[in-house]
Amino acid sequence: MERTLAIIKPDAVERNLQGEIIRIIQQTGLRIVGMKMLRLSRSQAEGFYAVHRERPFFASLTEYMSSGPCVVMCLEGADAIRRYRELLGATNRDHAAEGTIRRIFALDVERNSCHGSDGPDTAAVEIAYFFSTLELVG
């Protein structure tokens, strides 16, 4: 079993899409083993996205991610990282495949409704950023 982090971003929560997105995730057979709603402070968003600190979009990304509540989840399943990233679709909704979460719900490249870990090492760090081992079941 593999675990990955999923975030339903502020744009999707503001539009009350979290239930629909969770339904889509669960239909793939991925299991939610941890979930919470929170609002990141600017410094928490900067810490989470620290890997992008030198990128030109860092300031707008961290401002956006701290602009409203989000839902963070730890998903578990066979090949969970790859399966969830395929379900998400490309970062840019215009390049995302039909039927993917971002193609259906994203507003633009930044407000693309969801985040997913890009590899096992990243997933481990990202899951630990939001969840203690006591908060994960399974």
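These numbers were taken from a predicted model, which means no experiment stands behind them. (Residues numbered from 1 in each chain as written. Predicted model: local features only at pLDDT ≥ 70, side-chain atom pairs only at ≥ 80, totals over all residues. Heavy atoms only, no water.)

## Remarks on the overall build of the protein
Working step 1: Each helix and strand counted, the protein has seven helices and four strands in total.
Working step 2: Element order for the protein, N to C, with α for helix and β for strand: β-α-α-β-α-α-β-α-α-β-α.
Working step 3: Taken against the 2.2 N^0.38 rule, which gives 14 Å for 138 residues, the C-alpha radius of gyration of the protein at 14 Å falls within 12% of a compact globule.
Working step 4: Each of the three principal axes of the protein carries a C-alpha extent, and together these read 35 × 35 × 25 Å.
Working step 5: The proportion of buried residues among the 138 residues of the protein is 47%.
Working step 6: Put simply, of all contacts in the protein between residues at least 6 apart along the chain, 76% involve residues at least 24 apart.
Working step 7: Looking at the protein as shown, the accessible area adds up to about 7100 Å², and 52% of this sits on carbon and sulfur atoms.
Working step 8: Taking the 17 positively charged and 18 negatively charged side chains of the protein as two groups, their mean positions are separated by 2 Å. (Helix = DSSP H or I, 4+ residues; strand = E, 2+ residues; numbered from the N terminus. Rg over C-alpha atoms; globule rule 2.2 N^0.38 Å. Buried < 20%, exposed > 50% of the residue type's maximum accessible area, 1.4 Å probe, protein only. Contact = heavy atoms within 4.5 Å. Areas by Shrake-Rupley, 256 points an atom, 1.4 Å probe, with all protein chains shown as cover. Lys, Arg positive; Asp, Glu negative; His and termini not counted. Charge placed at Lys NZ, Arg CZ, Asp CG, Glu CD.)

## Re the UniProt feature "binding site: ATP" (unreviewed entry) in the protein
Working step 1: Feature annotation in UniProt places "binding site: ATP" (unreviewed entry) on Lys-9, Phe-57, Arg-85, Thr-91, Arg-102 and Asn-112, given in this structure's numbering.
Working step 2: Looking at the element boundaries, Lys-9 is found in the loop between strand E1 (2-8) and helix H1 (10-14).
Working step 3: On the basis of relative accessibility, which here comes to 6%, the residue Lys-9 falls in the buried class.
Working step 4: Overall, the relative accessible area of 33% leaves Phe-57 in the partly exposed class.
Working step 5: Among all residues touching Phe-57, those that are not within four sequence positions of it are His-52 and Glu-110. (UniProt positions renumbered as here; feature names shortened; annotations may be inferred.)

## With respect to the nonpolar core
Working step 1: Membership of the largest hydrophobic core comes to 21 residues, with the highest contact counts inside it found for Ile-8, Ile-21, Ile-25, Met-73, Leu-75, Tyr-84 and Ile-101.
Working step 2: Counting only elements with at least two residues in this core, the list comes to E1, H1, helix H2 (18-27), strand E3 (70-77), helix H5 (80-88) and helix H6 (101-105).
Working step 3: Apart from the residues within four sequence positions on either side, Met-73 is in contact with Thr-4, Leu-5, Ala-6, Ile-8, Ile-22, Ile-25, Ile-32, Gly-34, Met-35 and Phe-131.
Working step 4: Counting 20 residues, the second-largest nonpolar core is a separate cluster that includes Tyr-64, Cys-70, Ala-123 and Ile-127. (Core = buried A, V, L, I, M, F, W, Y, C linked by side-chain atoms within 4.5 Å.)

## Describing the UniProt feature "active site" (unreviewed entry) in the protein
Working step 1: This chain's UniProt record puts "active site" (unreviewed entry) on His-115.
Working step 2: Look past the residues within four positions of His-115 in its chain and what remains in contact with it is Leu-5, Ala-6, Ile-7, Lys-9, Phe-48, Tyr-49, Tyr-84, Leu-88, Arg-102 and Glu-126.

## What to know about the pairing of E1
Working step 1: Most of E1 sits out of view: five of its seven residues are buried.
Working step 2: Two strands pair when backbone bridges link them, and E1 and E3 are joined in this way by seven bridges, in the antiparallel orientation. Counterpart to Glu-2 in the pairing with E3 is Gly-77.
Working step 3: As paired elements, E1 and strand E4 (residues 114-116) share three bridges and run antiparallel to each other. Bridging from a neighbouring strand, Ile-7 pairs with His-115 of E4. (Pairing = 2+ DSSP bridges.)

## Observations concerning H2
Residues spaced three or four apart along an α-helix point in a common direction, a consequence of the helix completing one turn every 3.6 residues.
Working step 1: Among all positions in H2, only Gln-18, Ile-21, Ile-22, Ile-24 and Ile-25 are buried. Here the buried residues of H2 occupy an arc of 160° about the axis, which is enough to place them on one side.
Working step 2: Directly beyond the C-terminal end of H2, a positive phi value near 95° is found at Gly-29. (Arc of directions from axis to C-beta.)

## A few points about the environment of Asp-11
Working step 1: Counting through the fold element by element, Asp-11 comes out in helix H1.
Working step 2: Once you skip the residues sitting within four places of it in the chain, Asp-11 turns out to touch Tyr-64, Phe-105, Leu-107, Arg-111, Asn-112 and Ser-113.
Working step 3: At 2.6 Å, the side chain of Asp-11 forms a polar contact with the side chain of Arg-15.
Working step 4: Polar contacts involving the side chain of Asp-11 include one to the side chain of Tyr-64, which spans 2.3 Å. (Polar contact = N/O pair within 3.5 Å; in protein donor to acceptor, adjacent residues only side chain to side chain.)

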